[in-house]
Amino acid sequence: ILNVEQSPQSLHVQEGDSTNFTCSFPSSNFYALHWYRWETAKSPEALFVMTLNGDEKKKGRISATLNTKEGYSYLYIKGSQPEDSATYLCASKTSYDKVIFGPGTSLSVIP
Amino acid sequence: DAGVIQSPRHEVTEMGQEVTLRCKPISGHDYLFWYRQTMMRGLELLIYFNNNVPIDDSGMPEDRFSAKMPNASFSTLKIQPSEPRDSAVYFCASSLGSGANVLTFGAGSRLTVL
């Protein structure tokens, strides 16, 4: 993998459903993996930063895991709510401090 | 702290004109990043600075784009001459240190080139 990739591109879920998305990143020169939440007409805001293989982070109903050996991270949302509707971005930070973003996963939670 | 401040928020200009976008990072942050957001490419890294020094400008599209950081509290991104394909939202972000610290984004500058 040469770039940061995310899947799916978009997702529509019913309120109360749990969901997850994937971020794939180059494992060479890896330093940290960031997750951001980006609401329409606003700026991206940081959710998590992870550095170590096996890292797990949690904030409320949202959690994330990291696998640096295979170059992927999962973001989980438990019991989705309409206010969770946003684009979720992951970004890979290299050992040269370069921060490259994936294209994002657009989540719509239907009430 | 007021966060990362960008100006102007909106700019409409005609093809061929010079455009200057400005950014004030969070005080004390030593990294500054310029990104361009388009539908096709998402958030695309243009250039980033560490302690006012450009580290990697490989994302700058072409010679029409230039960026400077004359001091720790101010950076500019200049497009001369501008073209319609430069229309996008340009984001500035800053962070502290070279560790695992996240980026704090400005509100963005929406550029429309007619």
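What you are looking at is a predicted structure, and each value in this text was computed from that prediction instead of being measured.

## Examining unusual backbone geometry
Alright, step 1. Put simply, A:S7 and A:P8 share a cis peptide bond, and its omega is -5°.
Alright, step 2. When you line up the elements, A:P8 lands in the loop between strand 1 (5–7) and strand 2 (10–14).
Alright, step 3. Here B:S7 and B:P8 are connected by a cis peptide whose omega angle stands at -10°.
Alright, step 4. Here B:P8 lies in the loop between strand 1 (5–7) and strand 2 (10–13).

## Structural notes on the interface of chain B and chain A
Alright, step 1. Listed by partner, the interface residues are 20 residues for chain B and 19 residues for chain A.
Alright, step 2. Between chain B and chain A, a total of about 1600 Å² is buried, with carbon and sulfur atoms accounting for 61% of that surface.
Alright, step 3. The interface formed by chain B and chain A includes 1 salt bridge.
Alright, step 4. Across the pair A:K98 and B:D56 runs a salt bridge, and its minimum N-O distance is 2.9 Å.
Alright, step 5. Viewed at the interface, chain A and chain B are joined by 7 residue pairs in polar contact (both at pLDDT 80 or more).
Alright, step 6. Looking at the side of chain B that touches chain A, the elements with two or more residues in it are strand 4 (31–38) and strand 5 (42–50) of chain B.
Alright, step 7. No other element matches strand 4 of chain B, which puts 4 residues into the side of chain B that touches chain A.
Alright, step 8. Of the residues in the side of chain B that touches chain A, the class split is 12 nonpolar, 7 polar and 1 charged.

## Some thoughts on the state of the cysteines
All names here are of chain A.
Alright, step 1. According to the stated counting rule, one finds 2 disulfides over all chains in the structure shown.
Alright, step 2. The side chain of C23 participates in a disulfide bridge whose partner is C90; the two sulfur atoms lie 2.0 Å from each other. Across the S-S bond of C23 and C90 the torsion is about 80°, and the bridge reads as right-handed. In this pair, C23 sits in strand 3 (residues 19–24) while C90 sits in strand 9 (residues 86–94), placing the two residues 67 residues apart along the sequence.

## Thoughts on the pattern of salt bridges
Residues and elements named next belong to chain B.
Alright, step 1. Per the stated rule, a full pass over the model turns up 13 salt bridges over all chains.
Alright, step 2. Put simply, E18 and K78 hold a salt bridge, and the shortest N to O gap is 3.9 Å. Note that E18 is positioned in the loop between strand 2 and strand 3 (19–24) and K78 in strand 8 (residues 74–79), a separation of 60 residues in sequence.
Alright, step 3. Using a relative accessible area of 44% as the deciding quantity, one classes E18 as partly exposed.
Alright, step 4. Connected via shared salt-bridge partners are E62, R64, E83, R85 and D86.

## Digging into the side chain of B:S95
All names here are of chain B.
Alright, step 1. The topology assignment puts S95 in strand 9 (residues 88–95).
Alright, step 2. Using a relative accessible area of 1% as the deciding quantity, one classes S95 as buried.
Alright, step 3. The residues touching S95, leaving out its near neighbours within four places in the chain, are H29, D30, Y31, F33, N101, V102 and L103.

## Some words on the sheet that holds strand 3 of chain B
The pairing of strands in a sheet happens through backbone hydrogen bonds and is either parallel or antiparallel.
All names here are of chain B.
Alright, step 1. Reading across the sheet, the 4 strands line up as 1-3-8-7 and stay open at both edges, with antiparallel pairing between neighbours. The strands lining the two open edges of the sheet, one partner per strand, are strand 1 and strand 7 (65–71). On average, adjacent strands in this sheet sit at an angle of 15° to one another, irrespective of strand direction.
Alright, step 2. Two strands pair when backbone bridges link them, and strand 7 and strand 8 are joined in this way by 5 bridges, in the antiparallel orientation. Pairing of K68 across the sheet is with T76, part of strand 8.

Rules and cut-offs
Residues numbered from 1 in each chain as written. Chains lettered and ligands numbered in written order. Predicted model: local features only at pLDDT ≥ 70, side-chain atom pairs only at ≥ 80, totals over all residues. Heavy atoms only, no water. Helix = DSSP H or I, 4+ residues; strand = E, 2+ residues; numbered from the N terminus. Contact = heavy atoms within 4.5 Å. Buried area = accessible area lost by both parts, 1.4 Å probe. Salt bridge = Lys/Arg side-chain N within 4 Å of Asp/Glu carboxyl O. Polar contact = N/O pair within 3.5 Å; in protein donor to acceptor, adjacent residues only side chain to side chain. Nonpolar A, V, L, I, M, F, W, Y, C, P; charged D, E, K, R; others polar. Disulfide = S-S within 2.5 Å. Buried < 20%, exposed > 50% of the residue type's maximum accessible area, 1.4 Å probe, protein only. Pairing = 2+ DSSP bridges. Axes fitted to C-alpha atoms, helices over the stretch in contact; angles between N-to-C directions.

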